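Examining the three-dimensional arrangement
Here are the chains, one letter per residue:
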Amino acid sequence: MMKPVRKAILPVGGLGTRFLPATKAMPKEMLTVVDKPLIQYAVEEAMQAGIEQIILVSSRGKSSMSDHFDHSYELEQVLLERGKTDAYKSITDWLPEPGQVTVVRQQEPTGLGHAVWCARNLIGDEPFAVLLADDMILAEPGCLSQMIEAHRDLGGNLVAVEEVPHESVDRYGILDVVEDDGRIARANGLIEKPDPDSAPSNLAIIGRYILQPDVMAELSNVRKGAGGEIQLTDAMARTLSRIFFRGIRFTGRRYDCGSKEGFVQANVAFALARDDLREKVKSAIREYCDD
Ligand code: UTP
């Protein structure tokens, strides 16, 4: 019988160099879209999908993230005393259960594959999810929920994919597709950041994965790949001959919050999706655009 996906790894150990100076003294994953940090959106998406254990792979100077998932007793007390019930709920309602969030350290930022590998002792012999908090997805149900449902039937390795413009393929892991029904694409090859002229497709892996424990084992063997970093794509590629590898086109819209323009777009889109902000934000945008 297929084991359920119970654990999710959220790698948050990167340097966030594209977002300097904002990320000089604060983690990229604590940047806020409207009024919530990126990391909270990702944890909520994982919990909505039924994930029981969240593993943050963090690094030095990022303790604000673990604090965000803890009580803030002084603040909670003051809000209660002042009768600010909504504000109180906004910092307590979504707190994970005690022990549900674990933090491990990636001592050096040597790539996504290495970050995932740092969680190996907590994963054991089970399939697991990986969520990159800076890829934000506006979707209902959440992207990981859609993936877990599809994975129940399909098994294997399953990643979220999106068709990207031909000239942008060199920013992504790209699938070499052998079968495609318009929603699910099966691949027999994977290439990290290919040259647009030699890319096998424009179907790009974005920051959501469901992986078999074999990928974790392969990460131990992978040597440094493109860009001098240990690549998750290389480890996934090594399992292609024995484990089905599929991409799923999810329903929803993704925002690359690791880039400035994607981050601004996410703020606009998430504000417009909220009943309390839509009209005010719309008229403000119209005003700016008329200038
Ligand atoms: P990015 O490619 O966005 O890298 O990583 P980055 O270092 O955070 O940002 P830039 O490119 O310098 O601006 C994708 C995800 O993988 C994590 C990041 O925190 C991000 O969530 N990551 C990356 C790690 O956890 N460790 C690493 O060594 C590299």
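Residues numbered from 1 in each chain as written. Predicted model: local features only at pLDDT ≥ 70, side-chain atom pairs only at ≥ 80, totals over all residues. Heavy atoms only, no water.

Thoughts on the pairing of strand 10 (residues 184-192)
Test applied: When DSSP locates at least two bridges between a pair of strands, those strands are taken to pair. Only runs of H or I of at least four residues qualify as helices and only runs of E of at least two qualify as strands under DSSP, and these elements are numbered from the N terminus.
Of the pairings in the sheet, the one linking strand 9 (residues 173-180) to strand 10 comprises seven bridges and is antiparallel in character. Paired with Ile174 across the bridge in strand 10 is Ile191. What sits between strand 9 and strand 10 in their antiparallel hairpin is a turn of three residues, with Gly182 showing a positive phi close to 95°. Relative to strand 12 (residues 245-249), strand 10 runs antiparallel, the two sharing three bridges. In the sheet register, Arg186 faces strand 12, and the bridge partner there is Arg246.

Comments concerning the nonpolar core
Which entries qualify depends on this criterion: Among buried residues, the Ala, Val, Leu, Ile, Met, Phe, Trp, Tyr and Cys ones that are joined through side-chain atoms within 4.5 Å form a nonpolar core. Burial status follows relative accessibility: with a 1.4 Å probe on protein chains alone, a residue under 20% of its type maximum counts as buried, one over 50% as exposed, and anything between as partly exposed. Any two residues whose heavy atoms approach within 4.5 Å at even a single point are treated as in contact.
One finds Leu10, Val33, Ile39, Ile51, Met136 and Leu144 to be the most contacted residues of the largest nonpolar core, which totals 52 residues. The element contributing the most residues to this core is helix 1 (residues 38-48), with six residues. For Leu144, the residues in contact, after removing those within four places along its chain, are Glu45, Ala46, Ala49, Ile51, Ala129, Leu131 and Ile210.

Some thoughts on the site of the ligand
As a reminder of what qualifies: Near, as used in this document, describes a residue that has one of its heavy atoms within 4 Å of the molecule or strand being considered. Pairs of N or O atoms are called polar contacts if they sit within 3.5 Å, as long as, within protein, a hydrogen donor faces a hydrogen acceptor (for residues adjacent in sequence, only side-chain-to-side-chain pairs). Note on areas: Shrake-Rupley with a 1.4 Å probe; residue coverage comes only from the protein chains shown. Here the term charged refers only to Asp, Glu, Lys and Arg, the term nonpolar to Ala, Val, Leu, Ile, Met, Phe, Trp, Tyr, Cys and Pro, and the term polar to all other amino acids, Gly among them.
As a matter of local geometry, the ligand sits amid 17 residues, with Gly13, Thr17, Arg18, Gln106 and Gly111 nearest to it. Within the backbone of Gly14, an N or O atom sits 2.9 Å from an oxygen atom of the ligand. For the ligand, whose free accessible area comes to 560 Å², the fraction covered by protein is 82%. By residue class, the composition of the shell around the ligand is six nonpolar, seven polar and four charged.

Re the packing of helix 3 (residues 73-81) against helix 4 (residues 85-92)
The criterion, for reference: Axis definition: a line fit to C-alpha positions, over the contact stretch in the case of helices; interaxial angles, taken between N-to-C directions, run 0 to 180 degrees. The scheme is simple: roughly parallel for angles under 35 degrees, roughly antiparallel for over 145, roughly perpendicular for 65 to 115, oblique for anything else. Here a crossing is called left-handed whenever its near helix is offset anticlockwise from the far helix by less than a right angle, and right-handed whenever the offset is clockwise.
The contact between helix 3 and helix 4 brings their axes to 8 Å, and the two run at 155°. By the angle class used here, helix 3 and helix 4 are roughly antiparallel. As for how helix 3 packs across helix 4, the hand of that crossing is left-handed. Contacts between helix 3 and helix 4 involve Leu75, Glu76, Leu79 and Leu80 on the former and, on the latter, Ala87, Tyr88, Ile91 and Thr92. Of the residues in the contact of helix 3 with helix 4, the class split is six nonpolar, one polar and one charged.

Section: the packing of aromatic side chains
To describe a pair of aromatic rings, you give the distance between the ring centres and the angle between the ring planes. The line we're drawing: Pairing of aromatic rings covers Phe, Tyr and Trp, the last through its six-membered ring, and needs centres within 6.5 Å; plane angles under 30 degrees mean stacked, over 60 mean edge-to-face, and all others mean tilted. Definition used: whenever NZ (Lys) or CZ (Arg) falls within 6 Å of the ring centre and also within 35 degrees of the ring normal, the charge is taken to sit over that ring.
One pass over the full model with this rule turns up four aromatic pairs. With 5.9 Å between their ring centres and 90° between their planes, Phe69 and Trp94 make a pair best called edge-to-face. Of this pair, Phe69 sits in the loop between helix 2 (63-68) and helix 3 while Trp94 sits in the loop between helix 4 and strand 5 (101-105); the two residues are 25 residues apart in sequence, bridging distant segments of the chain. Residue Phe69 is classed as buried on the basis of its relative accessible area, which comes to 11%. Between Tyr255 and Phe270, the aromatic rings sit 6.1 Å apart at their centres with planes inclined by 70°, giving edge-to-face as the arrangement. With Tyr255 in strand 13 (residues 253-256) and Phe270 in helix 10 (residues 260-272), the pair connects residues that are 15 residues apart, well separated along the chain. Joined through ring pairs, the aromatic side chains of Tyr41, Tyr255 and Phe270 make up one cluster. Positioned above the aromatic ring of Trp117, the side-chain terminus of Arg120 is 3.7 Å from the ring centre. The ring of Phe244 carries Arg246 above its face, with NZ or CZ at 4.6 Å from the centroid.

Concerning helix 10
Quick reminder of the rule: Expected span of a helix, by definition, is 1.5 Å for each gap between consecutive residues, and there is one gap fewer than residues.
The terminal C-alpha atoms of helix 10, which comprises 13 residues, lie 19 Å apart, in line with the 18 Å expected from a rise of 1.5 Å per residue. The elements touched by buried residues of helix 10 are strand 2 (32-33), helix 1, strand 7 (135-138), strand 13 and helix 11 (278-290).

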